[in-house]
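Secondary and tertiary structure notes
The lines below spell out each chain.
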Amino acid sequence: MNYQQILSDILNQTEPLAGEGCQADYIPALAEVNPDQRGICLHTLEGKQYAVGDADVRFSIQSISKVFALAMALSLEGDDLWRRMGKEPSGTAFNSLFQLEMERGVPRNPFINAGAIVMADILVTHLLDPEHDFLAFVRQLSGCDTIDYNRTVAFSERSTGYLNAAIANLLKYHGNIHNDIERVLQFYCMMCSIEMSCCELAQAFLPFADHRRPFKFGKVQLTSSQVKRMNAIMQTCGFYDEAGEFSYLVGLPGKSGVGGGIAAIYPQRYAVAVWSPRLNPKGNSVVGMKVLELLTTETKESIF
Ligand code: GLN
């Protein structure tokens, strides 16, 4: 498969979408990013890398970090994790409150904000220095030591994140946060603020594409069944209330973030990351969705 040619054709085909959608500005620091950047990188399990556009520019991975948090939380808690959250698609926005209230503080899944805030709480409970361990894990996964938090973005989100604070308070009220709320939110915002390029993200997602190889990165260890099941959760819950649409158009497990990134996996073949900051109304990258739809359509490669 000539992925290089395919990716560059696909990027050209997204040209008519230029200017469509808006970048996230509810986190003020994200509004400062040039919204008209686009990059794609695909890494195969055989070790080949194909990149086009702004694939080496780092961006705020935001909710894509929830995949890394889930790997750590599962490694620490195993199936006990599911006592504190579900694994069902939410059908609601990533920062929705009403379902959490109706379901008495048990988040639907790990990939909505409520679920990720509970995972942040779990990591704060288990780890002496969660910020250090989380970053070390992401650096190891991607093989890149210069990946870092963006403290300006984290602070910008923490100082304006009233909805996430409401979610954390509701969780705490229902006994599903064990640590100090402020500490948990601070760590949650740090996780979201990590900056990576498409190439680094594709590399970091590769181990999730291969459940046959041992998943062991420092202290984070997952069984092959856990890796497979993480793919299942990405497939059903990776795109909030657009998970069905992504599954329909693209047919791969994946995860998006409001920084405009999407990482997706073709099990046993490749991991791919796309970035373009302009989002659709559901908070997913307009160009990112189109690129992945075209990729699986033109290559006729998807899990279905
Ligand atoms: N940090 C963002 C938030 O909590 C992440 C949301 C996202 O990427 N969908 O609102």
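Going by the structure above, here's the rest.
We now turn to the structure provided with this report. (Residues numbered from 1 in each chain as written. Predicted model: local features only at pLDDT ≥ 70, side-chain atom pairs only at ≥ 80, totals over all residues. Heavy atoms only, no water.)

Counting residues in each nonpolar core, the largest one holds 79 residues, and the members touching the most others are Phe-68, Phe-134, Phe-205 and Phe-208. When neighbours within four sequence positions are excluded, Phe-205 is seen to be in contact with Ile-64, Val-67, Phe-68, Met-234, Ala-263, Ile-265 and Ala-271. Grouped together as the second largest cluster of nonpolar side chains are 28 residues, Leu-11, Leu-17, Leu-42 and Met-289 included. (Core = buried A, V, L, I, M, F, W, Y, C linked by side-chain atoms within 4.5 Å. Buried < 20%, exposed > 50% of the residue type's maximum accessible area, 1.4 Å probe, protein only. Contact = heavy atoms within 4.5 Å.)

The local shell around the ligand holds 13 residues, among which Tyr-26, Gln-62, Ser-63, Tyr-188 and Tyr-240 are the closest. One of the side-chain N or O atoms of Gln-62 is found 2.5 Å from a nitrogen atom in the ligand. A distance of 2.7 Å separates a nitrogen atom of the ligand from a polar atom in the side chain of Tyr-240. Isolated, the ligand exposes 300 Å² of accessible area, and the fraction of that covered by the protein chains is 99%. Split into classes, the residues belonging to the shell around the ligand amount to 6 nonpolar, 5 polar and 2 charged. (Near = heavy atom within 4 Å. Polar contact = N/O pair within 3.5 Å; in protein donor to acceptor, adjacent residues only side chain to side chain. Areas by Shrake-Rupley, 256 points an atom, 1.4 Å probe, with all protein chains shown as cover. Nonpolar A, V, L, I, M, F, W, Y, C, P; charged D, E, K, R; others polar.)

Let's shift gears to the packing of helix 6 (residues 151-160) against helix 8 (residues 181-192). Interhelical geometry of helix 6 versus helix 8 gives an angle of 135° and a closest axis separation of 8 Å. One element, helix 6, and the other, helix 8, form an angle in the oblique class. Every pair of crossing elements has a handedness; the one defined by helix 6 and helix 8 is right-handed. Listed contacts from helix 8 to Arg-151, Ala-154, Glu-157 and Arg-158 of helix 6 are Glu-182, Leu-185, Gln-186, Tyr-188, Cys-189, Met-190 and Cys-192. (Axes fitted to C-alpha atoms, helices over the stretch in contact; angles between N-to-C directions. Helix = DSSP H or I, 4+ residues; strand = E, 2+ residues; numbered from the N terminus. Parallel < 35°, antiparallel > 145°, perpendicular 65-115°, else oblique. Left-handed = near helix turned anticlockwise from the far one by under 90°.)

The next point concerns the packing of helix 5 (residues 130-142) against helix 8. Two elements in contact, helix 5 and helix 8, have axes separated by 10 Å at closest approach and are oriented at 20°. Taken as axis vectors, helix 5 and helix 8 run roughly parallel relative to one another. When the axes of helix 5 and helix 8 are compared, the crossing they make is right-handed. Residue-level inspection shows Pro-130, Glu-131 and Phe-134 of helix 5 in contact with helix 8, the latter providing Arg-183, Phe-187, Met-190 and Met-191. Tallied by class, the residues present in the contact of helix 5 with helix 8 amount to 5 nonpolar, no polar and 2 charged.

Turning our eyes to something else, we now look at the sheet that holds strand 2 (residues 49-53). Spatially, 2-1-9-8-7 is the arrangement adopted by the 5 strands of the open sheet, whose pairing is antiparallel. Of all strands in the sheet, those with a lone pairing partner are strand 2 and strand 7 (254-256), marking the two edges. Between one strand axis and the next, the sheet turns through 5° on average, direction left out of account. In the sheet, strand 8 (residues 261-266) pairs with strand 9 (residues 270-275) via 6 bridges, with the strands oriented antiparallel. Looking at the pairing, Tyr-266 lines up with Tyr-270 of strand 9. (Pairing = 2+ DSSP bridges.)

This part covers the environment of Ser-225. The topology assignment puts Ser-225 in helix 10 (residues 224-237). The spatial distance from the C-alpha of Ser-225 to the C-alpha of Ser-90 is 23 Å, given a sequence separation of 135 residues.

Before going further, it helps to spend a moment on the pattern of salt bridges. Side chains that differ in sign of charge can pair as their charged atoms come close. Under the definition given, this model contains 14 salt bridges. Between Glu-15 and Arg-38 there is a salt bridge, with its nearest N and O atoms 3.3 Å apart. Of the two residues, Glu-15 sits in the loop between helix 1 (3-13) and strand 1 (39-44) while Arg-38 sits in the loop between helix 1 and strand 1, which places them 23 residues apart along the sequence. Under the relative-accessibility criterion, Glu-15 is labelled partly exposed at 43%. For Arg-183, the salt bridge is made with Glu-131, and the minimal N-O distance between the two is 2.7 Å. Separated by 52 residues along the polypeptide, Arg-183 in helix 8 and Glu-131 in helix 5 bring together distant segments of the chain. (Salt bridge = Lys/Arg side-chain N within 4 Å of Asp/Glu carboxyl O.)

None of this, on its own, says anything about what the molecule does.
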